[in-house]
Amino acid sequence: MQFIRQRENVMIGQTLSKFRRATSLALACGLTAGVVAMTGGATVSAAPSTIVIGNFNPFSGADASFGPEMVAGCQPAVRLINNGGGVLGHKFSCVEFDTRGDPADAVPAANKMIATNSSLGGILGPSADEALATVPILDQAKVPMFVDTGQAFFDKSSYKYFWRITPADDVKGYALALWAKKAGYTRAAAIFGNDAGSQSDVPTLLKAWKKLGGKMVDNVKLALDQSSYRTEIEQMLATKPQVIFTEIDPQTAGTFLSELQQLKGLIPVLGTEITLQSPWLKAVTGAIGKSAMTKYVTGMQPYAPTAGASWTTFDKALLASKSQVPQPSQWASDPYTMTYYDGVTIMALAMLSAKSTDRGTYNKSIMAVTEPGAGKTVVTSFAQGKAALAKGERIQYVGAGGPIAFNKSHNSSGAFEAAVQANGNVKIVGEVTANQIAALTK
Amino acid sequence: MNLYVLSLGFGLITASILAIASVGFTLQFGVTNILNLAYGDVMTGCAFVAYLVTRSGGSLPEALLAGAGTGALASYGLNRFVYTPFVKRGTRMFGMIIVTISVSLALQNGLQAAFKATFFSLALPRPSSYTFLGMIFTSQQLVIIGLAVVAMLFVHALLSWTKLGRAMRATAADPELARSCGIATDRVIDAAWLLSGALCGTAGVALALNVTSFTSTAGGQFLIPIIAAAVLGGVGHPYGAMIGAVVIGISAELSAAVISPSYKEVIAFLILIVVLLIRPQGIFAEVATQKEVVA
């Protein structure tokens, strides 16, 4: 399962040679200038041609698994768009652009993509690996992008062409606090890894928990992968928490929770989606046992319904795309694959709404086809949306990943679901709605 | 009970694993003058052997024996077939360090390829817990502490009262002179690798027991504290490594209690730096000075 990647694990500058940096900068400057001169910013050819949806993500390198997950969302969306007659006479196609998960490679890749694809309609990505380096370039070139980075840096984004329908990393803090409140806890301990990714959840968790009337009795930054955490556990237990909020890596979690179990017995643990990922499950189940895992550990993950009209349409199209997507069923419940599918569908509907494939023009219609409103027709597929728009109706697209509600910064956090591990399966036990999160963030 | 007192007790478990590992590490360095940076990965390999033994229904003592045996054979083999050819060609210490790093990476990646990048736990029954002076220990942790005590006593007895131990000390002090005095230094070196490997394997299984979930990188991550304990005690000196392990293990736990868990490693290594500033050769000086590991 590839629910959440270490999207915050941006490694800018870690391994770049000076030569590569210099080359990247030269290419960036030269190609960006060329792009602006050639395209005047954003126009897609008026003659019927195939509109390219760039799959701008790592397809090689350490995060090579990201790319296929993206293609698995793009291909079924394009299939449905093309089967539905395309957009204003244009067919769509998914084209891969490999960022290699490295800004040094991603910057020239972005510039090359923009410069050499006059029919580029928009993109999926970039990921956290390359977003900080490439979002400004893409925004300047007026390329609508449905990013899959969770970086909190983009929470207050002013980039016009930036759209995010995957939850930002720090939104998890709100979801954790809301679920703990719902479960009736009032005293909690925050046990998070001392890495930047885990710590990005903590400020919003503290803020939300306080706002909900809870008391954070302990807040610990754990040094990762130590051979023992007994002292930290004793300190935590002295504060008498009812629940532990956590995001720590699997090995640390295994050691920490097994020692907690040995010392005084487990207490409920409420973790982020990493808690439901297979490496975490394997490490912690091995350490504390299956029954303790089911009884004490709950994870919060982005809401990814595997039911409903929109998901059913997505699922059918996904399974029909097996010539482009190997083993398509593996992506059927992947929330990221669903949001990539939604991203392409939204771009197509926005083009229809704006009656233009010009990127700068249709970008302004993205909100119009997603936000709710009185008198709007709710649509759950491209075909429904196209038909409604053709009748002159205003639409609200509800995606495979659920309803979309962009804020001023073009972020749509969505809902979260609480799940436990039961007999080798993830069992959903409840939900925190997007509205509850939105109310807490105000 | 007071948290600081509890921390002392908790530190003993980490110190015990560190002691077993760092004594093996430093003993081998003292006799052979090879800084074996693949040591942590041999530990991991032994943990995987223990994993396979327990998965096949083996008990903890069987897993420990298998781990120690594998460590001994692997270390002996590494020396005979990888390191010795380089030593015979006159490869200097820096070159040997590069060779051991290469072996470390090969072992780590080989283990990852063989076992996949996931987590493993020894398949042993859940341990019972015992309260002692307000501190709670599991039966497995008591085994780890007991193993450390036995291993330290064994090493002490070997070095103090046996012919082999005396030969090891003589070889560590001056190999040329030892050879001139009729000591079969090649055999002594073989014995040092076997003994060091057995301690390495035992430490690997103890580490896997203690962390409960381990990966192909677990031993490699533990190498820095092992080296720190060895350096603190005076590289090449087994008794120094024992003291170094206790200082590093307990100071890490105490700093978590007194300051913050975030500073756990920071404080332990600051202590190392301060001690080395005052006494660059470590607590026990002679071997480190002879090996020219200090100016």
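Reading the values: the criteria
Residues numbered from 1 in each chain as written. Chains lettered and ligands numbered in written order. Predicted model: local features only at pLDDT ≥ 70, side-chain atom pairs only at ≥ 80, totals over all residues. Helix = DSSP H or I, 4+ residues; strand = E, 2+ residues; numbered from the N terminus. Buried ≥ 20, exposed ≤ 12 C-beta atoms within 10 Å, placed from the backbone. Contact = placed C-beta atoms within 7 Å. pLDDT = per-residue confidence, 0-100. Pairing = 2+ DSSP bridges. Axes fitted to C-alpha atoms, helices over the stretch in contact; angles between N-to-C directions. Nonpolar A, V, L, I, M, F, W, Y, C, P; charged D, E, K, R; others polar. Parallel < 35°, antiparallel > 145°, perpendicular 65-115°, else oblique. Expected span 1.5 Å × (residues − 1).

Visitor: Teacher, can you tell me more about the overall build of chain A here?
Guide: Counting secondary structure elements, chain A contains 17 helices and 14 strands. Split into buried and exposed, the 442 residues of chain A put 57% on the buried side. Sequence separation of at least 24 residues holds for 73% of the intrachain contacts in chain A that already meet a minimum separation of 6.

Visitor: In this structure, what is going on with the confidence of the model for chain B? I would like to understand it.
Guide: All names here are of chain B. The predicted model of chain B averages 88 in pLDDT, with 96% of residues at 70 or higher. Within chain B, no element has a lower average pLDDT than helix α12 (residues 286-290), which sits at 54, and none a higher one than helix α2 (residues 39-55), at 96. In the model output, the complex is listed with pTM 0.73 alongside ipTM 0.79.

Visitor: Before we go on, may I ask you to explain the sheet that holds strand β2 (residues 92-98) of chain A in this structure?
Guide: Note: strands within a sheet are paired through backbone hydrogen bonds, in either parallel or antiparallel orientation. Residue and element names in this part refer to chain A. Spatial ordering of the open sheet is given by β2-β1-β3-β4-β5, a layout of five strands whose pairing is parallel. Bordering the open sheet on either side are β2 and β5 (162-164), each of which pairs with just one other strand. Each neighbouring strand pair of the sheet contributes to a mean axis angle of 25 degrees, computed without reference to strand direction. Direction of pairing for strand β1 (residues 51-57) relative to β2: parallel, over a ladder of seven bridges. Bridge assignment links F56 to a residue of β2, and that residue is F97.

Visitor: What is the right way to read the interface of chain A and chain B from this model?
Guide: Where the parts come together, the accessible area they lose is often given as the size of the interface. In this assembly, 26 residues from chain A lie in contact with 29 residues from chain B. Of all the secondary structure elements, the ones that give two or more residues to the side of chain A that touches chain B are β7 (215-222), α8 (230-238), α9 (250-263) and α10 (278-288) of chain A. Here the side of chain A that touches chain B takes seven residues from α9 of chain A, the largest share from any one element. In terms of residue class, the side of chain A that touches chain B is built from eight nonpolar, 12 polar and six charged.

Visitor: Hey, could you run me through the packing of helix α13 (residues 335-354) of chain A against helix α16 (residues 382-390) of chain A in this one?
Guide: In helix packing, the relevant descriptors are the interaxial angle and the interaxial distance, both defined with respect to the helix axes. Residues and elements named next belong to chain A. Their axes nearest at 10 Å, the elements α13 and α16 cross at an angle of 10 degrees. For the element pair α13 / α16, the angle class is roughly parallel. Here T345, A348, L349, L352 and S353 of α13 come into contact with α16, specifically with F382, G385, K386 and L389. Tallied by class, the residues present in the contact of α13 with α16 amount to five nonpolar, three polar and one charged.

Visitor: Explain the environment of G234 of chain B to me, please; I cannot follow it from the model alone.
Guide: All names here are of chain B. Checked against the element boundaries, G234 lands in the loop between α9 (218-233) and α10 (238-258). C-beta crowding within 10 Å serves as the criterion here: with 28 such atoms nearby, G234 is assigned to the buried category. The spatial distance from the C-alpha of G234 to the C-alpha of T70 is 28 Å, given a sequence separation of 164 residues.

Visitor: Quick question: what am I supposed to make of α13 of chain A here?
Guide: Residue and element names in this part refer to chain A. The end-to-end C-alpha distance of α13, which contains 20 residues, comes to 28 Å, matching closely the 28 Å that a straight helix rising 1.5 Å per residue would cover. When you tally the buried positions in α13, you get 19 out of 20 residues, the bulk of the element. K355 lies just past α13 and shows a positive phi near 55 degrees.

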